[in-house]
Every structure is written in structure tokens, then in C-alpha cells.
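# Residue-level structural notes
Listed below, chain by chain, are the residues.
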Amino acid sequence: MSFVNAFYGFSALPVELRLKVWSIALSVPRNVDIICDTDIWPIPRSATSFWPGNGPPVLLHVCHESRSEALKIYKPLLQLDSAPVYVSLPQDTIRASQVFLYPGGAKLLGIQRMSINIQDYSDFGFWGIKTLQNMQPDLKELELVFEQGSLYTRYLFPPTVMDDIRYWIAQGWYYCPNINIVDGQSGETIERILGRKY
């Protein structure tokens, strides 16, 4: 049995069939990584620049027909120094560090799925939560990945990260997304808070 590594007759297929193939290829969700350069080390408080951590959607660069179909679902989220970052907001997950949420950072309206890596919870507890609240009602799924032991303590006081999140929800986070709290070292989901309109 022989396997075919390439198909050269694609352009000869009927347009309806080619469009169906592009549609299926475009329905696959992506993780869109945003890298943040910061001005303070080792505890960053603001971003000086952003750049994509992975390439643009491949179908933007296959041919004119695929690009035309891709631009129907992919829109620029950020205009970076190099090029815009194209995302499909209903299906793609934006992954970034907590600096991405700080004032003066990116424009975040419309994002529906996000994964944030938290290095410094004491700082995230104020700026990050406020920004996430301002992203409502668009944000539907949120993953908070806590690094360097920041999952378990906050200022050495008894409240945990989950206690703080519940506090912010009680204080008026009216459209709370589904939230996964993840231990960055083990990858385990520590807790899942189901979103709802409060």
C-alpha cells in the first residue's frame, strides 16, 4: 500500500468543495501566545511591548482563496511592531502573562477565552482582577495558572487565591466567566468556579 504525501488537484475541485475544506480547517481552535516585554525585573508591573509567541493562522498564507475565507473569521486583536496578531475570538484562547492585563497594556475587549500565567499574585489581585471585570460580558472561559508558590499565599494572610476571587465576585463581578485555577508546577486543576450572571 502506498501513501500520498501531496494532493495537486485541489485547485481543480469544485469551489463549493474547496470552501468546505477551508471551513473545516478554519474551525480548529488555536492557542495564541502573546509574549510581554516588561520594564521591571524580576517582578514586572507594566509591559513595554508585546509580540506573538507563535505564527499567524496558516490559511492566511496558503492562497488568495484561503486568505479570503480566513479573514472572515480572523480579525486583528493587537497591532504589534512586526505584524497584527490575528485571532478568531469565539474559538481561540489568548495565552499571556499577568502583565498583559495591566493598565496601558493591550486592548482586551471581545476576548472570550484566556489563559493567564500569574507570577506575582499580590500584584495580580488588584490590577488583574479589575481588568478581567472590565472584559465582561465577553470573557467566557478563564484559566489562571499560578507559578512560584503564589497559588497558596497572599501577603502571608489566611485568604487564599480562591477566597479572593470569590470576594471579587461578591463585590460585583456580575458576568463571571468559568474559571480554572491551575497549579503551574504540576499542571493540576486546583479548583473550577462555574461562571454565571450574578
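Residues numbered from 1 in each chain as written. Predicted model: local features only at pLDDT ≥ 70, side-chain atom pairs only at ≥ 80, totals over all residues. Heavy atoms only, no water.

### Some thoughts on the pattern of salt bridges
So the rule is basically this: Criterion for a salt bridge: a side-chain nitrogen of Lys or Arg within 4 Å of a carboxyl oxygen of Asp or Glu. By the criteria applied, helices consist of DSSP H or I runs no shorter than four residues and strands consist of E runs no shorter than two, each listed in order from the N terminus. The buried label applies to any residue whose accessible area, calculated with a 1.4 Å probe on protein chains only, is under 20% of its type's maximum; exposed applies above 50%, and partly exposed to all values in between.
Summed over all chains, the structure comprises 5 salt bridges. Here aspartate 33 and arginine 95 are joined by a salt bridge, their closest N and O atoms 2.6 Å apart. Of the two residues, aspartate 33 sits in strand β1 (residues 31-38) while arginine 95 sits in strand β5 (residues 93-97), which places them 62 residues apart along the sequence. The closest approach of N and O atoms between glutamate 141 and arginine 192, which form a salt bridge, is 3.7 Å. Here glutamate 141 is found in strand β7 (residues 141-146), whereas its partner arginine 192 is found in strand β10 (residues 189-193), with 51 residues between them in sequence. The exposure class of glutamate 141 is partly exposed, given its relative accessible area of 28%.

### Here we look at the pairing of β7
The test is simple: When DSSP finds two or more bridges between a pair of strands, those strands are recorded as paired.
Where strand β6 (residues 113-118) lies against β7, 6 bridges are found, and the strand directions are parallel. When the bridges of β7 are listed, asparagine 117 appears paired with valine 145. Inspection of the sheet shows β7 paired to strand β9 (residues 178-183) by 6 bridges, in the parallel sense. Residue pairing across strands places phenylalanine 146 opposite aspartate 183, the latter belonging to β9.

Geometry only, nothing functional implied.
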